[in-house]
Amino acid sequence: MVKWKEQLVIEAPIDRVWELFQDEEIQRIMPKVESHDLLEGENNAAGAKHAQVYTEGKQQQRYIVETLSYVDEPERKYKETAFEMGQMFKVRYAFSLEKESAQSTRFVYEGQNKGMSVTGKMMLLAGSKKAARNTVLNFMNRVKEQAESYE
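To start, this report covers the structure provided alongside it. Worth saying up front: this structure is predicted, and the values here are computed from it rather than measured. (Residues numbered from 1 in each chain as written. Predicted model: local features only at pLDDT ≥ 70, side-chain atom pairs only at ≥ 80, totals over all residues. Heavy atoms only, no water.)

Quick notes on the side chain of Ser104
The residue Ser104 is located in strand β7 (residues 104-115) in this model. Those residues in contact with Ser104 that sit more than four places away from it in its chain are Val9, Ile10, Glu11, Ala12, Glu98 and Lys99. (Helix = DSSP H or I, 4+ residues; strand = E, 2+ residues; numbered from the N terminus. Contact = heavy atoms within 4.5 Å.)

Written out as structure tokens, the structure is:
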């Protein structure tokens, strides 16, 4: 199992950052997501299920993403989702936003990638921890850039 938890401060109001995590805007921070279509429940709510298509190079993955938790309070925002990828991995991740000031937001990104099959477990063991961390940090920096440059 691979776990991560990283945080950074974004120089933007919490509501502007939170907007990037709404289902309608998800492709702004996850450009490799080609589609994110509601199947069940309501957008931006716990219990929502979305069919998602993700492309990495020439490989396309399709899976169902479930929103496990969704909290939208003035000082704190939280969204937790999970999906299974190709019967090999179970992925869970959460985005937490905390209001630091009127113009700054603490962003915490945490999650885990768990092998479901022997092959999946072996792939995670063989994977580079540095590369995995870089993927997490690159995502967080994309969120930061989008939020701070948003007009």
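Considering the packing of aromatic side chains
Counted under the stated rule, the structure contains 13 aromatic pairs. For the ring pair Tyr63 and Phe83, a centre distance of 4.3 Å and an interplane angle of 15 degrees mean the geometry is stacked. With Tyr63 in strand β4 (residues 59-72) and Phe83 in strand β5 (residues 76-85), this pair connects stretches of sequence that are 20 residues apart. As far as burial versus exposure is concerned, Tyr63 and Phe83 are alike and both buried. Between Phe95 and Tyr109, the aromatic rings sit 5.3 Å apart at their centres with planes inclined by 20 degrees, giving stacked as the arrangement. One end of the pair, Phe95, is in strand β6 (residues 89-101); the other, Tyr109, is in strand β7, with 14 residues separating them in the sequence. Taken as a pair, Phe95 and Tyr109 share a single burial class, namely buried. Among the aromatic residues, ring-to-ring pairing joins Trp4, Phe21, Tyr63, Phe83, Tyr93, Phe95, Phe107, Tyr109 and Phe139 into one connected group. (Phe/Tyr/Trp six-rings, centres within 6.5 Å; stacked < 30°, edge-to-face > 60°. Buried < 20%, exposed > 50% of the residue type's maximum accessible area, 1.4 Å probe, protein only.)

Description of the environment of Asn44
Note on placement: Asn44 falls in the loop between β2 (33-40) and β3 (49-56). A relative accessible area of 17% means that Asn44 is categorised as buried. Spatially, the C-alpha atoms of Asn44 and Lys79 are 8.7 Å apart, while their sequence positions differ by 35 residues. Beyond its immediate sequence surroundings of up to four residues, Asn44 is in contact with Gln22, Asp23, Glu24, Tyr70 and Lys79. A distance of 3.4 Å separates a polar atom in the side chain of Asn44 from a polar atom in the side chain of Gln22. (Polar contact = N/O pair within 3.5 Å; in protein donor to acceptor, adjacent residues only side chain to side chain.)

Re empty space enclosed by the protein
The final tally for this structure, using the stated rule, is one cavity of 30 Å³ or more. The volume enclosed by the largest cavity comes to roughly 70 Å³. Taken together, Asp23, Ile26, Met30, His36, Gln52, Val65, Thr67, Lys79, Thr81, Tyr93 and Phe95 make up the full set of residues lining the largest cavity. Mapped by element, the contributors of at least two residues to the lining of the largest cavity are β4, β5 and β6. Partitioning the lining of the largest cavity into residue classes produces five nonpolar, four polar and two charged. (1 Å grid on protein atoms, 1.4 Å probe; cavity = no way out; pocket = protein on both sides within 12 Å on 5 of 7 lines; lining within 4 Å. Points joined across faces, edges and corners; volume = space filled by probe spheres on them. Nonpolar A, V, L, I, M, F, W, Y, C, P; charged D, E, K, R; others polar.)

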